[in-house]
Amino acid sequence: MKVSLFATCLTDTFLPRVGVAMVRLLRHLGCEVDFPRGQTCCGQPQFNSGFHGEALDLAAGLIEALAASDVVVSPSASCVAMICEYYEQLFSEEAEMLAKARALAGKTHEVSDFLTGILQADFSTLPLRAAGKVTYHFACHGRGLGLEAETTVDLIQKIDGIEYVPLANQEQCCGFGGTFAVKMAPISDGLVADKVACIVATGADTVVVNDGGCWINIAGYCHRQGIAVRFVHIVELLAEALGLMEPAAEGRA
Amino acid sequence: MIHPGHDYPQAIAKALDDASLQKILATYLPQRCERTRQGVEALGDPEAFRDLAKQIKDYSIAHLDEMLEELAEQFEARGGVVHWARDAAEARQVITDIARQHGCRRCIKTKSMVTEEIELNPALEAAGVVALETDLGEFIVQLAEDRPSHIVTPMIHITRQKVGRLFQEKLGADYTESPEALTQIARRYLRDKFQQADLGITGANFAVAQTGTLCLITNEGNGRMVTALPRVHIALMGMEKVIPRTVDLAVMLKLFTRSAMGSPITVYTNLITGPRQPGQLDGPEHLHLVLLDNGRSRLLSGPYADTLDCLRCGACLNVCPVYRKIGGHAYGSVYTGPIGVAVTPVLMPEDPATQVMPDLCTLCGACLEACPVKIDIPRNLIGLRQESVAKKKVPWVYRLLMPTWAWFYRRPGRYRFSQRWGRRLLCLLARKGWVRWLPGLGAKWTASRDLPLPASKTFSDLWDESDGTLT
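Given the structure is predicted, the values throughout are model-derived calculations rather than measurements.

Asker: Explain the overall build of chain A here, please?
Answerer: In terms of regular secondary structure, chain A is built from 12 helices and eight strands. Its C-alpha atoms give chain A a radius of gyration of 18 Å, near enough to 18 Å, the size a compact globule of 253 residues would have. The buried share of chain A, taken over its 253 residues, is 63%. When contacts within chain A are restricted to residue pairs at least 6 apart in sequence, long-range pairs at least 24 apart make up 77% of them. Split by element, the accessible area of chain A, about 8,600 Å² in all, is 51% carbon and sulfur.

Structure below.
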């Protein structure tokens, strides 16, 4: 299968290792992967704060950059949700762009959904080995796409040698919410503190977080508090477990 | 509707510092959510129920004028009187006029958010009518001269120790912390009041157009007492609460009680059709229904009409991470939580507090997932935020930041430029790959978190350098 990578601006800038893991994993599973270089950002931060003109501009750029792709796969559910749920609204008044937006929405997938739902890779037949105690934070935007925590939990549990520990309040928001973290900083601080307390309570050394926004928030808080926990995207954990990359101290190249 | 002079930063800080409140929210809400989740799952096909309920409500809202006419016709055919109140002031006037007309002085009330919305109790008092709340939670809130903090369980923020002290102080009871004993104290006190009252005021959970029936559900039986004992009963209802047929009520009730508290049914379900009829043993001599607009027609004609589907079950409050952190009072409105911040800005657009409300949300979508009628609150809040931007009511720093950011990100060349130079600037502030302090808006981030440095090589760099092989 030929797929194009939509890396997302957060992954490109802060978490390139997630991109590397994803590409290596997809290629290992038999996909041809390209990376359309015209891509930048889906426009979500602008859209969520009400700057729809600016969001529309960025969205138009992304639609153009990915126009030639058959299938688009992204590591971030929130960016995929932006494309699949909100581009329709952004372009509702422009028939031509609306058609293109719908076309993009129809072919774009979040990576865990792509691996299990579309590629239907059978991970139970692959030699997945790793060590450590792992827990999982369900990033909010998965909801809108109909993603379920079980999908990633299943993948984690297929890795031999991993001890999976469920996270209390797994699906509760970590408090990032984009500009919310700054606009409502005291509430955001309270929420991230609660999330980290739940993480610490699991005793896990590794937390799977499939979203750059959640990561920047939770990892940033942990670092300030001196809590030494490793954060990875599920594709990184799988790539490491398959020997496609060395386990790293932090989820970054 | 909105608490006068509400100071958001202060109210939020107070809530976050309130250890008792934090403990209550962290303990009870996840438990309640688990119960409601199980209750809704037990329906067998919860999605089918939600879709059906949404259809019923959407139909009702789309045909609101016809349905209200049918409701009024049926209601009056059975001896009730219907009044139409354009706004809160008119509703207060109508209700106090009815009380005066019938010479009522002692009023008992069930829990009704809409009576809070129109600030009814002070108006009754000014008209010489003593109004007593009979829902246990509202009774306690009233005794404490406090405000409700949750749509369904108004006193969730009050501990039983506090109730014990309150009953001791205000009712002369012996101090106890036992919920059973406290309930018995309230019961004995309220018993007399039920019998002495000459006016009962309620809201209505639903009104059925087909038969002119009001549906009122309670767990405590106060609904029964308030609507059967006094000689006058006035029901105040938001006009959006009407549904077409009795059979639709079955769907709504099943979903409502499970979504609210996880129960298959409440202890009491009252179906009120007309005042006391000849030969009946109880019921009021006079039954009045006041239908309230108060901005709902503005909602009806706008892009947020789906919020009129709201059943007031409180499910969205229970799952909301923001509500779980700050509780109900900090929202500053009678309607709190997700539904509160979605409707209040449309019902009261001129109040400055409504500028802040749509920001009390992380857009996590838990509310939409929990809502029995699938109201897309996140989408509505984004719409409200867009309106604020269009009206230039957003602080200048965002009006500068967002377009500038978008300008840089619009083209790959500029985007890469901003990545490189952004990193170089942050490097000046960073130690060992992390930034501990940022100026301006950034300081709000770094108050409790570090910011990681962008990677020294972006993913795009790695791709280019390896010709896409990434080996």
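Read on, since the account is not over.
Asker: What's the story with helix α11 (residues 212–225) of chain A in this structure? I'm lost.
Answerer: Along an α-helix, residues three or four apart share an orientation, since each turn contains 3.6 residues. All names here are of chain A. In this model, α11 (14 residues) spans 20 Å end to end at C-alpha, consistent with the 20 Å of a helix rising 1.5 Å per residue. Where burial is concerned, most of α11 is hidden: 12 out of the 14 residues are buried. Listed in full, the buried residues belonging to α11 are G212, G213, C214, W215, I216, N217, I218, A219, G220, Y221, C222 and R224. Its side-chain oxygen 2.7 Å from the backbone nitrogen of G213, D211 forms the N-cap of α11. Phi turns positive, to about 70°, at G226, one or two residues after α11.

Asker: Even after reading the chapter, I still don't get the sheet that holds strand β5 (residues 129–137) of chain A, so can you show me in this structure?
Answerer: Strands in a sheet are paired, the pairing made by backbone hydrogen bonds, and the direction either parallel or antiparallel. All names here are of chain A. One open sheet holds the four strands; their spatial order is β6-β5-β7-β8, and the pairing between them is parallel. A strand with exactly one partner marks an edge of an open sheet, and here the two such strands are β6 (160–164) and β8 (230–232). Within this sheet the neighbouring strands show an average axis-to-axis angle of 35°, counted without direction. Bridge count for strand β7 (residues 206–209) against β8 is three bridges, and the pairing is parallel. Within β8, the position partnered with V207 by the bridge is F231.

Asker: Just checking my understanding: could you explain the nonpolar core for this structure?
Answerer: For soluble globular proteins, the rule of thumb is that nonpolar side chains tend to be buried together. One finds A:Y87, A:F91 and B:L360 to be the most contacted residues of the largest nonpolar core, which totals 113 residues. With seven residues, helix α12 (residues 246–261) of chain B is the single largest residue contributor to this core. The residues contacting A:Y87, other than those within four sequence positions of it, are A:C42, A:A59, A:L62, A:I63, A:M82, A:A101 and A:L104. Judged by nonpolar contacts, the second largest core, of 74 residues, contains A:V71, A:I199, A:V232 and B:W434.

Asker: Is there a simple way to think about the pattern of salt bridges in this case?
Answerer: Close approach of charged atoms allows side chains with opposite charge to pair. Counted according to the given criterion, the structure contains 34 salt bridges over all chains. Close ionic contact of B:D450 with A:R224 constitutes a salt bridge, the shortest N to O distance being 2.7 Å. Of this pair, B:D450 sits in the loop between α22 (442–446) and β13 (451–452) while A:R224 sits in helix α11, each in a different chain. By the burial criterion, B:D450 is buried, and A:R224 matches it. Across the pair B:D376 and B:R379 runs a salt bridge, and its minimum N-O distance is 3.2 Å. According to the relative accessible area criterion, B:D376 is buried, its value standing at 16%. Within the structure, one salt-bridge network assembled from shared partners comprises A:R17, A:R230, A:E236 and A:E240.

Asker: What exactly am I supposed to notice about the confidence of the model for chain B here?
Answerer: When pLDDT drops low, the exact placement of atoms in the prediction is not to be read closely. On average, residues of chain B score 95 in pLDDT, and 100% of them reach the 70 mark or higher. Taken over the whole predicted complex, pTM reads 0.95, whereas the ipTM for its chain interfaces reads 0.96.

Asker: Would you take a moment to explain the sheet that holds strand β3 (residues 130–133) of chain B for this structure?
Answerer: Residue and element names in this part refer to chain B. The six strands lie next to each other as β1-β10-β7-β4-β2-β3, forming an open sheet whose pairing is parallel. Taken across any chain shown, the strands that pair with only one partner, and hence form the sheet edges, are β1 (81–85) and β3. Pairwise comparison of adjacent strand axes, ignoring direction, gives a mean angle of 20° for this sheet. Relative to strand β4 (residues 199–202), strand β2 (residues 106–109) runs parallel, the two sharing three bridges. Residue pairing in the sheet places I108 in a bridge with G200 of β4. Relative to β1, helix α4 (residues 64–77) is tilted by about 145°, and along the sheet it contacts β1, β7 (232–238) and β10 (286–292). Helix α10 (residues 179–196) contacts β2 and β3 of the sheet and is inclined by roughly 135° relative to β3.

Asker: Would you explain unusual backbone geometry in this entry?
Answerer: Note: most peptide bonds trans; most residues except glycine with negative phi. Positive phi, normally seen in glycine, also occurs at A:Q120, with a value near 50°. With respect to the secondary-structure elements, A:Q120 resides in the loop between α7 (111–118) and β5. A relative accessible area of 57% places A:Q120 in the exposed class. You will see that B:R312, though not glycine, has its phi angle at about 60°, which is positive. Tracing the chain through its elements places B:R312 in the loop between α13 (296–300) and α14 (315–319).

Asker: What is the right way to read the packing of aromatic side chains from this model?
Answerer: Each aromatic ring pair is summarised here by two numbers: the centre-to-centre distance and the angle between the ring planes. All told, the structure shown has 15 aromatic pairs over all chains when counted by the stated rule. Ring centres of B:F139 and B:F167 lie 6.0 Å apart, and the angle between their planes is 55°; on these two criteria the pair is classed as tilted. You can see B:F139 sitting in helix α8 (residues 136–143) and its partner B:F167 sitting in helix α9 (residues 160–171), a full 28 residues away along the chain. Aromatic pair B:W405 and B:Y409: ring centres 6.2 Å apart, planes at 85°, arrangement edge-to-face. Taken as a pair, B:W405 and B:Y409 lie in helix α20 (residues 396–410) at a separation of four residues, close to a single helical turn. An aromatic cluster is built from B:W407, B:F408, B:F417 and B:W421, whose rings are joined through pairwise contacts. In this structure, A:K183 is placed above the aromatic ring of B:Y398, and the distance from its NZ or CZ to the ring centre is 4.8 Å. Above the face of the B:W445 ring, B:R449 is positioned so that its terminal group lies 4.5 Å from the ring centre.

Asker: Any chance you could explain the pairing of β7(A) here in plain terms?
Answerer: Here is the key point about a regular strand: its side chains alternate between the two faces of the sheet. Residues and elements named next belong to chain A. Here β7 shows no split at all, with T206 and V208 on one side and V207 and V209 on the other all buried. Pairing geometry for β5 and β7, over four bridges, is parallel. Bridged to T135 within β7 is V207.

Asker: Would you mind showing me how to read the interface of chain A and chain B here?
Answerer: Reports of interface size often rely on the accessible area that becomes lost once the parts have come together. Taken together, the contacts link 72 residues of chain A with 65 residues of chain B. Around 6,000 Å² of area is buried between chain A and chain B when both sides are counted, 61% of it from carbon and sulfur atoms. The interface formed by chain A and chain B contains seven salt bridges. Note that A:D189 and B:R449 form a salt bridge whose closest N and O atoms lie 3.4 Å from each other. At the boundary of chain A and chain B, one finds 32 residue pairs in polar contact (both at pLDDT 80 or more). Partitioned by chemical class, the residues of the side of chain A that touches chain B number 32 nonpolar, 24 polar and 16 charged.

Asker: Help me understand helix α12 (residues 234–241) of chain A, please; the structure alone is not making it clear to me.
Answerer: Residue and element names in this part refer to chain A. Of all eight residues in α12, eight are buried; the element is thus mostly enclosed. Those residues of α12 lying buried are I234, V235, E236, L237, L238, A239, E240 and A241. Looking one or two residues beyond α12, the residue adopting positive phi is G243, at roughly 75°.

Asker: I tried to follow the packing of helix α10 (residues 185–202) of chain A against α11(A) on my own but got confused; where do I start?
Answerer: Helix-helix packing: each pair is described by the crossing angle between the helix axes and the interaxial distance. All names here are of chain A. One way to put it is that α10 packs onto α11 with a least axis distance of 10 Å and a crossing angle of 75°. By the angle class used here, α10 and α11 are roughly perpendicular. Residues V192, A193, K195, V196 and I199 of α10 touch α11, and the partners they reach there are N217, I218, Y221 and C222. In terms of residue class, the contact of α10 with α11 is made up of seven nonpolar, one polar and one charged.

Procedures and definitions
Residues numbered from 1 in each chain as written. Chains lettered and ligands numbered in written order. Predicted model: local features only at pLDDT ≥ 70, side-chain atom pairs only at ≥ 80, totals over all residues. Heavy atoms only, no water. Helix = DSSP H or I, 4+ residues; strand = E, 2+ residues; numbered from the N terminus. Rg over C-alpha atoms; globule rule 2.2 N^0.38 Å. Buried < 20%, exposed > 50% of the residue type's maximum accessible area, 1.4 Å probe, protein only. Contact = heavy atoms within 4.5 Å. Areas by Shrake-Rupley, 256 points an atom, 1.4 Å probe, with all protein chains shown as cover. Expected span 1.5 Å × (residues − 1). Polar contact = N/O pair within 3.5 Å; in protein donor to acceptor, adjacent residues only side chain to side chain. Pairing = 2+ DSSP bridges. Axes fitted to C-alpha atoms, helices over the stretch in contact; angles between N-to-C directions. Core = buried A, V, L, I, M, F, W, Y, C linked by side-chain atoms within 4.5 Å. Salt bridge = Lys/Arg side-chain N within 4 Å of Asp/Glu carboxyl O. pLDDT = per-residue confidence, 0-100. Phe/Tyr/Trp six-rings, centres within 6.5 Å; stacked < 30°, edge-to-face > 60°. Lys NZ or Arg CZ within 6 Å of the ring centre and 35° of its normal. Buried area = accessible area lost by both parts, 1.4 Å probe. Nonpolar A, V, L, I, M, F, W, Y, C, P; charged D, E, K, R; others polar. Parallel < 35°, antiparallel > 145°, perpendicular 65-115°, else oblique.

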